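# Overview (structure and organization)
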Number of protein chains: 2
Amino acid sequence: MGHTCVTATTSDEGAAVPVTIRDVARASGVHISTVSRTFSAPHLVNPETRVRVLACAEDLGYRPNRAARALITGRTHNIGLIIADIANPFFPPLIKAAESQARHRDYHVFVADTNEDPTAEEELVHALAKQVDGVLLCSPRMSNSLIEQLSREVPLVVVNRQVTGLPCVLMDVGQGARSAIEHLVGLGHRSIALLGGPRSSWTNREMRRAATAAARAGGAELTLLGPNAPTEVGGSAVAEQVQRSGVSAVLAYNDLMAIGLIEGLDALGVRVPQEVSVVGVDDITLSRLTRPKLTTVATPTGAAGRTAVDMLLQQDIESPRGARGSGAGTALGVRRTTAQVMLQTDLVIRDSTGPGPYARPARPLAAPRGPGPHCPADPGTPTAATGDAVAS
Amino acid sequence: MGHTCVTATTSDEGAAVPVTIRDVARASGVHISTVSRTFSAPHLVNPETRVRVLACAEDLGYRPNRAARALITGRTHNIGLIIADIANPFFPPLIKAAESQARHRDYHVFVADTNEDPTAEEELVHALAKQVDGVLLCSPRMSNSLIEQLSREVPLVVVNRQVTGLPCVLMDVGQGARSAIEHLVGLGHRSIALLGGPRSSWTNREMRRAATAAARAGGAELTLLGPNAPTEVGGSAVAEQVQRSGVSAVLAYNDLMAIGLIEGLDALGVRVPQEVSVVGVDDITLSRLTRPKLTTVATPTGAAGRTAVDMLLQQDIESPRGARGSGAGTALGVRRTTAQVMLQTDLVIRDSTGPGPYARPARPLAAPRGPGPHCPADPGTPTAATGDAVAS
DNA sequence: CGTGATGCTGCAAAGGTTTGCAATGAAGTA
DNA sequence: TACTTCATTGCAAACCTTTGCAGCATCACG
């Protein structure tokens, strides 16, 4: 594909000389176990010996082989992070938060992308199982039973999905959907569409449940559209359908779809929010950059990443896998606590929602809008809505 | 942080029973070496035995321990992918392409994010060194000499940077910058600003070099602004500076900065492209979604990911590391070819560039623009510009 | 001087897999 | 029948590190 080879030289390079603990031992005149201890239990070795060993190691450029170490300790100090779609801007903040949290605890994170493919998810868990101490499963698309089964192979923490018996980190999208619907109803919308996401998405089910209830409570009619791909394309593809359905407001599965929908509606000559109001979910960076700026349910992705890592490590520390003692298949039960954490969401009102057909002229509930330089909700200060604490 | 614990149960789960090759051997009544061969060299084992072993393995849920295998073969079948910033939408397509290419060759990809931090880059290479067969370094920020030094520890392929002696995948941003400047000059701009990126970025230097030359050739004045953070914030932060400088067009280091700049200018009441034209680099998905849609230099990120993986694997296959024979520190030179591949870029003209102060009224060179439903360059068909083939 | 404690180090097994070599048996050939 | 060849399987070493145990010397104390 249109590429040109600029240079192609062949060079004699020194081969990667793998320097092992043994080399260091020989160089510093001690036994390998002493070298090992110098690194993994320094307090057990004579300070003089220690500095000598360290000097030799430094000299030779020795680095402990983590794979070999893992083989015997049973801990790799890695954690796997399986993501439905890296290209979805929802995930990067989660990834970064998880990585930073892990780094603080001397762990490394390996990220893998599944392209929303359940099969790839399963494969990846298998592939990662022996190379990490645990796996974070973000917005998995496979079945609950498969997840449970996989959890016997490697410690799992599930994000954005509820699996009984497994530690989960959830975002309260039910609450978010409710807030969104209430916001729309308050604006005078009585005919609202819910743009569904992937069929196997827990978030999807949760939103539908809550939105349906909230619509009924508010006296509005809810039209369900979906399932759809949770992408910009998935959103723009249903623009026509939305137009035909005659609703005055739409709650989309996520921001990407909401943005795609706005694009699609724009192409059809339908104005947002003048003719149709649109609400997204996630509050990705992008939602602040489009015109109109998107009203959306902000999900605490960073907190989710941090929490998930914490839960995994906590669970992990309690039960070291493949420990030395398990000689002849000791199948002793391990007592472990599986907590499920629910994180709150916040409705951020920007410019993609406006008064609907039943808007009461008095007491303008609607957020100010228009092409003004600044939106009501500044990036730093998301507008908290409907502050109902989640029941414990 | 605003989260509520929903459930917290403790359950007796069967411990993760690590089933090894030995268990399978016992169950199927053969020696472990036969089991090993069943998986790694099936043609060497009797078909009958094979099916029996496979059945037992399936039964017991056996999975080869890749770490242990790597310990002896010296190949992990993993490759590391170190990325400057996952949140930059430039990278996901590259990551996905690399992953897909790797998967085809039975390799797994571990992605790690460095937050544009050179120190983190070095640490990550060290951490990955023993767990992967090679590392792809994407847009590294560390020094060339450090990269060379690290390359002795683990095979490296560098993306978006030229390091002599190492295989590199480059995108011809020089050509891209030239096309962009020529495009702007053609539109009648004579005073152009170049929004620089990170100081240690190869792309940055390359763009400056090419843009300077192209501006001189076109009789335009080029103002250098930077270095800046390669993000949306970095772009919006210099909006005022751009306004003060009085230029009529800007070429930004990347799309993110271009979009941030447009935002910033908008806040200052400066209209794009009426008062200032803006060109980005990368052609991220987002650049098609903002208003105005962004004129940009499209970089072949997918191709870069694929190519990089290919180069790594090719180099890797030639020289198996840590092979068995290297008993007493055999430091034999390995002959390896280090190619450098340059991928072409394309200018995609959209709506963020328009006629400048010196535009000739006749022969309207400018791309059509305005709020029309469709932009001139449809997503699928990027407008190729200045088709100069790169000199070999 | 004997006893015990303490601090440091060496020994060797273990972890799960691969692989060169040897052993076995059967089949083919002279 | 004797010899060769081939297919299949077992044996055991090796990869690099950790760690329980034992050995040794030193020191304090009674």
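Note that this is a predicted model, so its numbers are computed, not measured. (Residues numbered from 1 in each chain as written. Chains lettered and ligands numbered in written order. Predicted model: local features only at pLDDT ≥ 70, side-chain atom pairs only at ≥ 80, totals over all residues.)

Moving on to the environment of Val173(A). If you trace the backbone, Val173(A) turns up in helix H8 (residues 173–186). What Val173(A) contacts, discounting residues up to four positions off in sequence, is Thr203(A), Glu206(A), Met207(A), Val281(A), Val297(A) and Thr345(A). (Helix = DSSP H or I, 4+ residues; strand = E, 2+ residues; numbered from the N terminus. Contact = placed C-beta atoms within 7 Å.)

Here we take up the protein's contact with DNA strand D. Near DNA strand D you find 30 residues, and of these Thr20(A), Ile21(A), Ser33(A), Ser36(A) and His31(B) are the closest. The set of elements that each furnish at least two residues to the surface near DNA strand D consists of helix H1 (21–28), helix H2 (32–40) and helix H4 (66–73) of chain A together with helix H2 (32–40) and helix H4 (66–73) of chain B. In terms of residues, the surface near DNA strand D owes the most to one element, H2(A), which gives six residues. (Near = placed C-beta within 6 Å.)

Right, let's talk about the packing of helix H1 (residues 21–28) of chain B against helix H3 (residues 47–60) of chain B for a bit. How two helices sit against one another is set out by the angle between their axes and by the gap between those axes. Residue and element names in this part refer to chain B. Axis separation between H1 and H3 bottoms out at 9 Å; the angle between their running directions is 125°. When the axis of H1 is compared with that of H3, the two are oblique. Where H1 crosses over H3, the two elements pack in a sense that is right-handed. Residue-level contacts link Asp 23, Val 24, Ala 27 and Ser 28 of H1 to Arg 52, Val 53, Cys 56, Ala 57 and Leu 60 of H3. By residue class, the composition of the contact of H1 with H3 is six nonpolar, one polar and two charged. (Axes fitted to C-alpha atoms, helices over the stretch in contact; angles between N-to-C directions. Parallel < 35°, antiparallel > 145°, perpendicular 65-115°, else oblique. Left-handed = near helix turned anticlockwise from the far one by under 90°. Nonpolar A, V, L, I, M, F, W, Y, C, P; charged D, E, K, R; others polar.)

At the junction of Arg291(A) and Pro292(A), the peptide bond is cis and its omega measures out at -5° in the coordinates. Within the element layout of this structure, Pro292(A) appears in the loop between strand E10 (277–282) and strand E11 (295–298). Here the residue pair Val272(B) and Pro273(B) is connected by a cis peptide bond, since its omega of 5° sits within 30 degrees of zero. Note on placement: Pro273(B) falls in the loop between helix H12 (255–267) and strand E10 (277–282). For Asp106(A), which is not a glycine, the phi torsion comes out positive at approximately 60°. Tracing the backbone shows Asp106(A) in the loop between helix H5 (91–104) and strand E3 (108–113).

Bringing the sheet that holds E10(A) into the picture now. To summarise the sheet geometry, strands pair through backbone hydrogen bonds and adopt either a parallel or an antiparallel arrangement. Residue and element names in this part refer to chain A. Spatial ordering of the open sheet is given by E8-E7-E9-E10-E11-E13, a layout of six strands whose pairing is mixed. Taken across any chain shown, the strands that pair with only one partner, and hence form the sheet edges, are strand E8 (221–225) and strand E13 (346–348). Pairs of neighbouring strands in the sheet enclose a mean axial angle of 20°, with direction left out of account. Bridging between E11 and E13 involves three bridges; their strand directions are antiparallel. Within the sheet, the bridge partner assigned to Ala 298 lies in E13 and is Asp 346. H8 rests against strand E7 (191–195), strand E9 (249–252), E10, E11 and E13 of the sheet, and its axis sits at about 165° to E10. (Pairing = 2+ DSSP bridges.)

All names here are of chain B. Looking at where Asn 78 falls in the secondary structure, it is placed in strand E2 (residues 78–83). Owing to 22 C-beta atoms within 10 Å, Asn 78 belongs among the buried residues under this scheme. The contacts of Asn 78, once residues within four sequence positions are left out, are Tyr 107, His 108, Phe 110, Gln 131, Val 132 and Asp 133. (Buried ≥ 20, exposed ≤ 12 C-beta atoms within 10 Å, placed from the backbone.)

It is worth spelling out the pairing of E3(A) at this point. A regular strand places its side chains so that they alternate between the two faces of the sheet. Residue and element names in this part refer to chain A. For E3, the tally of buried residues reaches six of six residues, placing the bulk of the element in the interior. Of the two faces of E3, both are covered, the one formed by His 108, Phe 110 and Ala 112 as well as the one formed by Val 109, Val 111 and Asp 113. Direction of pairing for strand E2 (residues 78–83) relative to E3: parallel, over a ladder of six bridges. When the sheet's bridge partners are listed, Gly 80 is paired in E3 with Phe 110. Crossover E2 to E3 through H5 is right-handed. (Right-handed = clockwise from strand over helix to strand, strands pointing away.)

On to the packing of H2(B) against H3(B). All names here are of chain B. Where H2 contacts H3, the two axes come as close as 10 Å, and the packing angle between them is 90°. By the criterion of interaxial angle, the relationship of H2 to H3 is roughly perpendicular. Within the contact between the two elements, H2 uses Thr 34, Val 35 and Thr 38 and H3 uses Thr 49, Arg 50, Val 53 and Leu 54. The residue inventory of the contact of H2 with H3, partitioned by class, reads three nonpolar, three polar and one charged.

The next subject is the protein's contact with DNA strand C. Around DNA strand C there are 30 residues in total, and His31(A), Thr49(A), Ile21(B), Ser33(B) and Ser36(B) lie nearest to it. Listing elements by their share of the surface near DNA strand C, those giving two or more residues are H2 and H4 of chain A together with H2 and H4 of chain B. By residue number, the principal contributor to the surface near DNA strand C is H2(B), which donates six residues. Class assignment for the residues of the surface near DNA strand C results in 14 nonpolar, 13 polar and three charged.

Moving on, we come to the sheet that holds strand E13 (residues 346–348) of chain B. Residues and elements named next belong to chain B. Sheet architecture is open: six strands sit in the order E8-E7-E9-E10-E11-E13, paired in mixed fashion. Two strands close off the open sheet at either side, each with one partner strand: strand E8 (221–225) and E13. Each strand axis lies, on average, 20° off the axis of its neighbour in the sheet, ignoring direction. Pairing of E10 with strand E11 (residues 295–298), which is carried by four bridges, proceeds in the parallel orientation. What sits directly across from Gly 280, in E11, is Thr 296. Here helix H8 (residues 173–186) sits on the sheet in contact with strand E7 (191–195), strand E9 (249–252), E10, E11 and E13, set at roughly 165° to E10. Against the sheet, helix H9 (residues 202–218) touches E7, E8 and E9, its axis set at about 160° to E8.

From the geometry alone we can't say anything about function, so treat these as descriptive.
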